[in-house]
Each structure stands twice: as C-alpha cells, then as structure tokens.
Amino acid sequence: MITRTKYNPKEIESKWQAQWEADQQYHASDDSPKPKFYHLVMFPYPSGDLHMGHWYNYSPFDTYGRFKRMQGNNVMQPIGFDAFGLPAENAAIKRGIQARTWTLANSENMRKQLRSMGAQWDWSREVVTCQSDYYRWTQWLFLQFYKHGLAYRTKAPANWCTNCNTTLANEQVLADGTCERCGSIVIRKEIDQWLLKISSYAERLLDFSSVIDWPEKTMVMQRNWIGRSKGAEIRFTAEIGGKHEEIPVFTTRPDTIYGVTFFVLAPEHPWVEKITIPEQKTAVDAYVKQALRMTEIERMSAEKEKTGIFTGGYVTNPVSGEKVPVWISDYVLMSYGSGAIMGVPAHDQRDFAFARKFGIPIREVIRPEDEQPSDPETWTQAKEALGVMVNSGPFDGTPADRAIAEVIQYVEGKGIGKLMVNYRLRDWLISRQRYWGAPIPIVYCPEHGTVPVPEDQLPVWLPENVQFKSTGESPLRYEPDFLNTTCPICGGPATREADTMDTFIDSSWYFLRYADPHNSEAAWNPEKLKKWLPVDQYVGGVEHAILHLLYSRFFVKALHDMGHLDFDEPFLRLFHQGMVLGSDGQKMSKSRGNVEAPDKYISKYGADTVRCYMMFIGPFDAGGSFKAENLEGIWRFLNRFWSLVNETWTDNKRDVETRESKAIERLRHKTIKRITEDLSNFHFNTALAALMECNNALIKQQNDAVAQSAAYRRTLETMMQLLAPFAPHITEELWQQTGHTGSIHNTDWPAYDQALTQDEAFTLVIQVNGKVRERIEVPADISEQEVRELVLNNPRVATFIGETTIQNIIYIPGRLANVVVRKG
RNA sequence: GCCGGUGUGGCGGAAUGGUAUACGCGCCUGUCUCAAAAACAGGUCCUGCAAGGGUUGAGGGUUCGAAUCUCUCCACCGGCACCA
C-alpha cells in the first residue's frame, strides 16, 4: 500500500516536465538502432498565445507519438516557428516596435506554453524561420531553383493601392475591392516579380502513388487545383495588314469545330490591338480599361451576366474555312489556355449565354444518337453531351466515341493543330513587396543584369532596425545600406532585389531542416536526411490541403531532380485534425465572444485533464465544440484512477488464480487490444472510453478479495501504461509512487494474448425473424448444434414461434441466433 | 453550378451487415452533511399497468437481419467556381 495522497496536477506536472527536460528524455538520437519514426505536426505561427486550436491539434498528436515511442520506435517529434509574415509587420507599424522583437517575444511566450503541455517535443531541433541560420538556407534553395531554370522573373499582376503606392496581399483587399488601410480603389498592376515553375511539375504532382496514407479528399482537392484537361490546340488564322497570322485556341471539344460562330479574346490578349478595326477602337479601349480595373475579387463576385464587345475583325476557322467575328469578353481568362477561345454556343453553356446576349447564331453540330433534329434557336440551354457529328462537312456521321480523336488526327495531319494537355495550375508567384520575409538573393547590375548572389555570400541580411512608412510600404525600398551593393561579377555599383519571399517558401522545407537543424555548412547533411526523411506521419489542418502541401511536394520533387534528395514525396501519411469550435458550435472568434483561452483550464485542472478532454470531444478529424463543463468528466476519471491506485496498490506478486482473477486478466488483455487498435487508427475518443470502462470495472471490485490478487495489480500497472500517452504526468507520478524505477514512458507498450481477449462466456441473443426475443449466457466454446438445441428448447422463444413453421436458423458464432419462421 | 463530407437520446458521441444509444456531460433519486459543495450508490430514448410496440433527417429497395449497402429527396458543413 502506498501513502494516500490527493491528486495535485499543478505540483506533479511541473516536476515531471523539469525532470524530462533534465534527462533529455525526448531528444531523438541520430544513432539509435531502433526504427526511426519521424512524427511531424505543422509548426505554429508565433501569434503570441497557444490557443484552443493548438491544444486540440497537439494533444492527440503527442499521444500518438508517445504511443509509437512505447512501441519501440526512435520517435523524432520536433517543433519550431513559422516566424515570417504579415502580422509581425502590422504589429510593427501599429505599435512602433520592430517586427523581429515582436516575433521573438511571442515565440518565447509560446515556447513556455508548449512546454506546459507535457508533450515530447525535441527542443534541440527547434527551427525558427526568421533567424538568419534558417533563412540563409531558404535563400540557398532559391538559388538552386534559379540555377536549374525553375525560378524566373516576369511581369505579373499585383494588387496595387494607388493612394498608398504599395502592393497589397489578397487579405488586405476588402470585399468591395478597396484598400483596408485607406479605402481607395485597388487595381491590378503589372510589376516585375519572381515566380517558381511549379507548372512544369503539374503532371508529377498528380501522381500520389508513393504516399502510403493520405485523405482521399486532400488528393482530390489537389488534383482539382492542378486541373488537368486534355484536348486540342487549333490555330485559327487572319490576314492582318496583308500578313498571314495564326492565333491558337485550346478546346476540350474539337468535335464541335463546325459549330464555331464567333471567337473571343481575353481583354489582356496581345491581339486585341491589332484585330480591332479603327471604327471600334474607342469602344474596345473603354471595355478593356474597365475590365483591367477590376481586381480578381471583383471579377469573381461579378454577376453571371455576360459582357463583351465586337472588335470588327474576323478570323478564319482552319477546318471549315469559315470566317467568324472576333469579340472581347472578360469571361475568357488570359491565364488559361491561350487566352482566346472558339465560341460554340450550341454545345457550351457559357458560349450559349454569350451568343444569346449578343444575337450570335447558334449552330447544332453534335446530336445524341436517338435524337431528332431541332432548331437551336428554340433551345433554353447548350447541349454539352457527346454525340454524333452533324452539319460538319466530311465528318458528318462520326460517332461520339471517335469524334474527338478523328478531328485531332485531322488537324495534326493538316498541320493546323495538335493534341494538347492544359493545366489550371499557374506558376507560383513568390515575390512579396514586404519587409518581414527572406530577401530574394538577387542583385541587379547595370552591366550584367540579373545576377544571383554567390552562395558563399549568403545570407543576404534582412536589416533589423527599419523605419516603416505610414502606408505600410516595404521599408527595404528605402534602406540604402541594404539596397546599394556591388555586382558579384564586376564589382561595380549595383542594386539588391527589394522584394522578399512568400512565407510558404519557408514552410516548404522546414521538415528537411529538422533532420539537421544546426548545420552551418549546408542546408543539411545528406546522411542525416537519409536517416530521418521522409516524414512518417504528418498532422495538420485541412486548410493547408492545397497550398502548403502542394508546395512542399513540389519542393521535394524539384530537389530530388536536382540530386539533393533521394526521395520524392515528403509526407508518407497525412492526417487532418478537425476544428475546435466555441461552446455555441461556431468558429471561435473575438467578434462572437466565444473564445476560450486554454491557460485558465490548465491552471484549474492541469495539462493531463485538458489533453484528455481534447481527445474525448469526438473523432480527431471531426472537430467539435469546446464545453468547459465536460472537462469535469475527465477530471473525475483521472481522480478516480488516482484514488484507485492509491487505495488498492499491493505488492502481491504471487499468483493464486481464481475465477475472478482470471476474469480480470481477460479484461486486461481485452483493454490492451482495444487501446492498441484505437490508437493505431487515431480513434482517441473511443480509446479513452475503453480506459474509463476498465477503470469502472476495477473500481467495482476494489473492495473484493480479487483486488489483492496479482492479476488486479498487473491490470493497474497496465492501465498506467495504456494511459501514459494520453496523460503523461499523472501516470509518471503513479508509476514512481508504486515503486517502479525509470520513466513509464521508456517502458514497452503492453502486449496482449488474442486468446485471452475472449471472455469465457457470452450473451447469446436469440431473434425470431430479426427481432430480439431472448438472451442467454452460454460458454464461449459452445457448438452450433448445442445452440440450435438451446434455441429450440427455449420456452420464451417457443411462444414467439407458436404455430409458424421454422424455415431456417442462422447462427453467428459468439453473437446471435436468428430463427426464421413463416406462417402456416 | 461542380466535387467531397455529414445527419443517431436533452447534449458531445459509440456501434461500418448481427443486442442501437457504449463512454462522458446534464438531469432525477438516495447516502454523507446543520447546510451546501465535493465524493459515493442507483436511475434516465418514446409509448404502454404489463406483455408488447416504436425509434438512427424523409421515403423506397436488397437481406433471415440495415444507423451501416443501394436508389430518390431534404437539411447542414467544407472545397472549387466563367478553366474553354
């Protein structure tokens, strides 16, 4: 018997946190012979405080990591900070402090809060993206992309506030298209920016064959984002100023080529100027100007009503030889395909709407097999289904299954087009006209043009004391010490690139740096990378399903191709946690007033209770409401377990088997099995329920003789171990109090014997025509013959069979027997 | 509009072809207490005196048996959205 004490989480939690830290218990060794397990969670932005969402995310995550550790793995579970980004810059402007000061102070506070969770973070590997020992290598990576032709500079549209004279991030543009700072109209302006050629990896990024377990939904979202579509490029022609010119269009429906009755250019298309006839010039200019003034947001929120204007010019359909009028409309996007389309109103809903609006003829050229001809002018919508080609000259009668292929073959033969695959995915614009990010390591020399900073001159330092303009414009543009430099080639005066990199770059490789975080000679040592990568389990929010996860995959594939990595998929298994909501079931937000700070509950109940509660809310991927009163249930459970161990712990190691002790032993094995399976499947809520059930069963018998048995003692011991990943402090304390040496977290995960997970007897449910009519206790090894006899001789069952005839008896071993009867 | 998901007691949820409502919250009763809290014990889907009957968003189908598979519809949530 141990000394009776009261469960005092405050005392034991800080004690064990300090002890684990002193023992460096969770430092992952590069040399351990155990199998490695790289367990990663998306690193936080240092906003200032660890909120409920972090606790909801990290509690089950850490529990899983601890489970893997006890299962004999060398678990590496690092943490760090995604420390560049706009909020720090806004804080700097608002409060007049340096972005760096603000960020580092926040990180320090969050570090303390992260420690209070009692998670097995390996702090020795911490990575902070705004430190020069990190962004130096971010810049090095940019240079690798540049060297391999994957980084290029071109004019690209940015949100531009004409009043503040600065670019804005999408989130700085209000829904009505105005600047959040000054309220002026935001326009799209073409400025020189850096991009990464992610589009050349579109096809590779569609391939998920080397991941082990990703949510189907995430793969679908990425595939949709990449948006592969197969079709044909067909070149239309025009005589302009006596010259023969060609203009390509992309279409997924080359079989509708004879239905083209008009042609549309995007407002930004370079042909707009040369195809427009003088009489239309004024009107066309006005339309283009208006279209360009709209931001993307506005263009998206605009009504579906089609707008457009006729240029007065014509192009020739190279297949039919027909001349068709050229229009301009903003429903054609410059960024997709060739920025020009062939208009087939009969078989495309958008073209149909456009033709109706402007009185353009509609010509049917595709007809489903069994349909009668009809006048397209009477249609209410386009017929987009495949069908037999009609009104298509030599192609008339070509069936649906061959139509597309035959037209492609025809245009290829004639040299007027070709098979083509198009992607929705655009290149990744990484320039940010912002201060708080990694400077792009490029120098502009009047003599040598664009010159990359030599690798041995990295990092390009980000100035630490800067003065912000009230407009929010990047201070780097006004820092002569930063801007003015010399050309790495000729040594003459030159200017630095003043833009910084998108913070998604920082987070596209942090998981590589964790493998070798202190390397000052290289981004990583290949041997260390080989040891740890790829990531075995990645956990993070579904809001990153597309951008962060796609960019990281792109980085790894590109670095693989450059010869820097020997794997080409970063995350083998991926899990998205749900979102924790306020008690009203709404997203937590200051404006709703339903935000709960975790610290209050940590000091009241301790980290173990809060951790367990987070997992008990519901399935990890479903999220759920945070309800403070429900913490009581977990608090009671931990207290009951504490008291149970205190009151019943015995040093009895002799095994005198009784019927009761054997039942306890079976309960032990059954519980190990349930917890092991639940944890393997991320079912934390049901695992805790199983622990509660076992605890309740033990409490029921705590005053019986069996509580003195070795089996009961073993079960208490097993419970401590099974609970250890969920509630690491209380279990460590009890482990020590019950005379064990060494940390419970270094013990082996309990094993179970399948044979002992079955009870000796079970409740046989007897149904008549599927309705439960009787339950009887029977031995587990009962034969089907014996069950049949029991069923047929049961008086209660007999009353339900009555005058009917037995057709069949279905027996499901260990569960139920169903007597199928029919009247008569 | 397209794609994906969800729907079970007063509440969070469990059960993924075999006992619907495990586990927990809340509520009710009791023990203890001068009293309250805490703790502990018992009860708690609807209907019915009972035997029984009914119940997993609605309706149909498959099956000896359906919350689970299938079809139609409804509601809510998430993603994408003029992508040619």
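Residue numbers run consecutively from 1 along every chain, following the written order of its sequence. Following the order in which they are written, the chains are lettered starting with A and the ligands numbered starting with 1. pLDDT decides what is reported in this predicted model: residues at 70 or higher carry local features, side-chain atom pairs at 80 or more are listed and counted, and totals for whole chains, interfaces and linings draw on all residues regardless. For the side-chain quantities, the full set of heavy atoms in the structure was used; hydrogens and water were omitted.

As for the sheet that holds strand E28 (residues 761–768)
Using the following cut-off: Any two strands between which DSSP finds at least two bridges are classified as paired. Labels follow the DSSP assignment, with helices taken as runs of H or I lasting at least four residues and strands as runs of E lasting at least two, numbered in each case from the N terminus. Comment: axis = line fitted to C-alpha atoms, over the contacting stretch for helices; angle = value between 0 and 180 degrees taken between N-to-C directions. When checking whether two residues touch, look at their non-hydrogen atoms; a contact exists if any pair is within 4.5 Å.
In spatial order, the strands read E29-E28-E31-E30; together these four strands make up an open sheet with mixed pairing. Every interior strand has two partners, whereas the edge strands, strand E29 (771–779) and strand E30 (805–812), have only one. Direction aside, the axes of adjacent strands within the sheet are offset by 20° on average. On top of the sheet, helix H25 (residues 784–793) reaches E28, E29, E30 and strand E31 (816–822); it is set at about 135° to E30, its chief contact.

Describing the protein's contact with RNA strand B
Put simply, the rule reads: Any residue with a heavy atom positioned within 4 Å of a molecule or strand is treated as near that molecule or strand. Counting of polar contacts relies on pairs of N or O atoms within 3.5 Å, with two restrictions inside protein: one atom must be capable of donating a hydrogen and the other of accepting it, and residues adjacent in sequence are counted only when both atoms are side-chain atoms.
The environment of RNA strand B is formed by 45 residues, the closest being Thr-252, Lys-306, Arg-350, Arg-636 and Arg-775. The share of sugar and phosphate among atoms of RNA strand B within 4 Å of the protein is 66%. Within the side chain of Lys-627, an N or O atom sits 3.0 Å from a sugar or linking oxygen of RNA strand B. In the environment of RNA strand B, a sugar or linking oxygen lies 2.6 Å from a nitrogen or oxygen atom belonging to the side chain of Asn-630.

Side note on the environment of Pro-254
What counts, and what does not: Each residue is placed in one exposure class: buried if its accessible area under a 1.4 Å probe, protein chains only, is under 20% of its type's maximum, exposed if it is over 50%, and partly exposed if it falls in between.
Counting through the fold element by element, Pro-254 comes out in the loop between strand E9 (243–251) and strand E10 (262–265). According to the relative accessible area criterion, Pro-254 is buried, its value standing at 0%. In this structure, the C-alpha to C-alpha distance between Pro-254 and Asp-351, residues 97 residues apart in sequence, is 15 Å. Each residue touching Pro-254, except ones within four places of it in the same chain, is listed here: Ala-232, Ile-234, Ile-404, Val-407 and Ile-408.

A closer look at helix H20 (residues 631–648)
For the α-helix, the turn length of 3.6 residues means that residues three or four positions removed from each other point alike. Put simply, the test is: A helix is expected to span 1.5 Å multiplied by its residue count minus one.
For H20, with 18 residues, the first-to-last C-alpha span of 26 Å sits near the 26 Å given by 1.5 Å per residue. For H20, every residue scored as buried is listed here: Leu-631, Ile-634, Phe-637, Leu-638, Phe-641, Trp-642, Leu-644, Val-645, Asn-646 and Thr-648. Structurally, H20 contributes buried residues whose contacts are with helix H1 (9–23), helix H18 (598–605), helix H19 (607–616), helix H22 (684–700), helix H23 (710–723) and helix H24 (728–737).

Here's the deal with the layout of surface pockets
To keep things clear, this is the line we draw: A pocket, in this scheme, is an open set of points on a 1 Å grid over the protein atoms alone with protein on both sides within 12 Å along at least 5 of 7 lines, while a cavity is a set where a 1.4 Å probe fits but cannot get out; residues line either one if an atom lies within 4 Å of a point. Grid points are joined across faces, edges and corners, and a volume is the space filled by probe spheres set on the points. Only Asp, Glu, Lys and Arg are considered charged in this grouping, and only Ala, Val, Leu, Ile, Met, Phe, Trp, Tyr, Cys and Pro are considered nonpolar; every other residue, Gly among them, is considered polar.
Put simply, the second largest pocket is a space of about 400 Å³. Every residue lining the second largest pocket is counted, 21 residues in all, and those nearest its centre are Asp-213, Leu-574, Phe-575, Asn-681 and Phe-682. When contributions to the lining of the second largest pocket are tallied by element, the ones reaching two or more residues are helix H2 (52–70) and strand E25 (574–575). Counted by class, the lining of the second largest pocket contains nine nonpolar, six polar and six charged residues.

Considering helix H5 (residues 132–147)
With 16 residues, H5 ought to run about 22 Å at 1.5 Å a step, and its terminal C-alpha atoms sit 22 Å apart, in line with that. A positive phi of about 70° marks Gly-149, the residue just after H5.

So, to be careful, I would describe these as geometric facts and stop short of saying anything about function.
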